[in-house]
Amino acid sequence: MENRGVHQDVLKFCKAELLQANYFHAVLEATKSVASKVRSKSGLTCDGAELATLAFSLGKTGKPILAINQLITDTDVSEQKGFMNLLIGLFGTFRNPVAHAEKIYWLISEQDALDILSLVSLVHRKLDIVTKFQLA
């Protein structure tokens, strides 16, 4: 992961699991790190899809709590919506099964784990540059 230039927060949350080749728990801890950072930056206390939606949705005001770009062009708005959906998918596809399934039934290969952790790394880089809007 270090050779891939993975974000430091990914390793902070799951390096011990990776060193033990415990990919099941490495993925769980890494995806939990995303929710933790979104809560920290947004001030929200919820989790999962609700957290992603409340933090990144444009809502009625047209301004999210957290923006990953300037939200000026249609492309910016599409990227914002896509990022929100990516987080919803990350939680629903990778964190929730690991959090609720037994390890013996949710098998994950080293390659799949590395790919998921690379995705989590990208998400962390985007979260590092978000702008927080002060909502009325």
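Above this note sits the structure.
It should be emphasised that the depicted structure is a prediction, and the values quoted were computed from it without experimental measurement. (Residues numbered from 1 in each chain as written. Predicted model: local features only at pLDDT ≥ 70, side-chain atom pairs only at ≥ 80, totals over all residues. Heavy atoms only, no water.)

(A) The overall build of the protein, seen in detail. Across its full length, the protein carries five helices and two strands. In terms of C-alpha radius of gyration, the protein reaches 15 Å, essentially the compact-globule figure of 14 Å for 136 residues. Here the C-alpha coordinates of the protein stretch approximately 45 × 30 × 25 Å along the principal axes. Within the span of the protein, comprising 136 residues, buried residues form 43% of the whole. For the protein, the share of sequence-separated contacts (at least 6 apart) that also reach a separation of at least 24 residues comes to 65%. A total of about 7500 Å² of accessible surface is found on the protein, and carbon and sulfur atoms cover 53% of it. Across the protein, the 15 positively charged side chains and the 14 negatively charged ones have centroids separated by 6 Å. (Helix = DSSP H or I, 4+ residues; strand = E, 2+ residues; numbered from the N terminus. Rg over C-alpha atoms; globule rule 2.2 N^0.38 Å. Buried < 20%, exposed > 50% of the residue type's maximum accessible area, 1.4 Å probe, protein only. Contact = heavy atoms within 4.5 Å. Areas by Shrake-Rupley, 256 points an atom, 1.4 Å probe, with all protein chains shown as cover. Lys, Arg positive; Asp, Glu negative; His and termini not counted. Charge placed at Lys NZ, Arg CZ, Asp CG, Glu CD.)

(B) Summary view of the nonpolar core. The biggest cluster of nonpolar side chains holds 37 residues, and the ones touching the most others in it are Leu-18, Val-34, Val-38, Phe-56, Leu-87 and Leu-127. Secondary-structure elements contributing two or more residues to this core are α1 (8–19), α2 (23–42), α3 (48–56), α4 (74–100) and α5 (110–128). If you tally residues by element for this core, the top one is α2, at eight residues. Leu-18 has contacts with Met-1, Leu-11, Tyr-23, Ala-26 and Leu-117, leaving out every residue within four places of it along the chain. (Core = buried A, V, L, I, M, F, W, Y, C linked by side-chain atoms within 4.5 Å.)

(C) Structural view of the pattern of salt bridges. Considering all chains together, one arrives at seven salt bridges under this definition. Asp-128 is the partner of Lys-37 in a salt bridge, and the nearest nitrogen-oxygen pair spans 2.6 Å. Of this pair, Lys-37 sits in helix α2 while Asp-128 sits in helix α5, and the two are 91 residues apart along the sequence. The class for Lys-37 is buried, based on a relative accessible area of 10%. Exposure remark for Asp-128: the relative accessible area of 40% places this residue in the partly exposed category. Sharing partners across several salt bridges, the network here consists of Asp-9, Lys-12, Lys-37 and Asp-128. (Salt bridge = Lys/Arg side-chain N within 4 Å of Asp/Glu carboxyl O.)

(D) Just the side chain of Gln-80, in detail. Within the secondary structure, Gln-80 sits in helix α4. Judged by its relative accessible area of 0%, Gln-80 is buried. Residues in contact with Gln-80, not counting those within four places in the same chain, are Phe-56, Leu-58, Pro-64, Leu-66, Ala-67, Ile-68, Asn-69 and Leu-71.

Function cannot be inferred from these measures alone, as they are strictly geometric.
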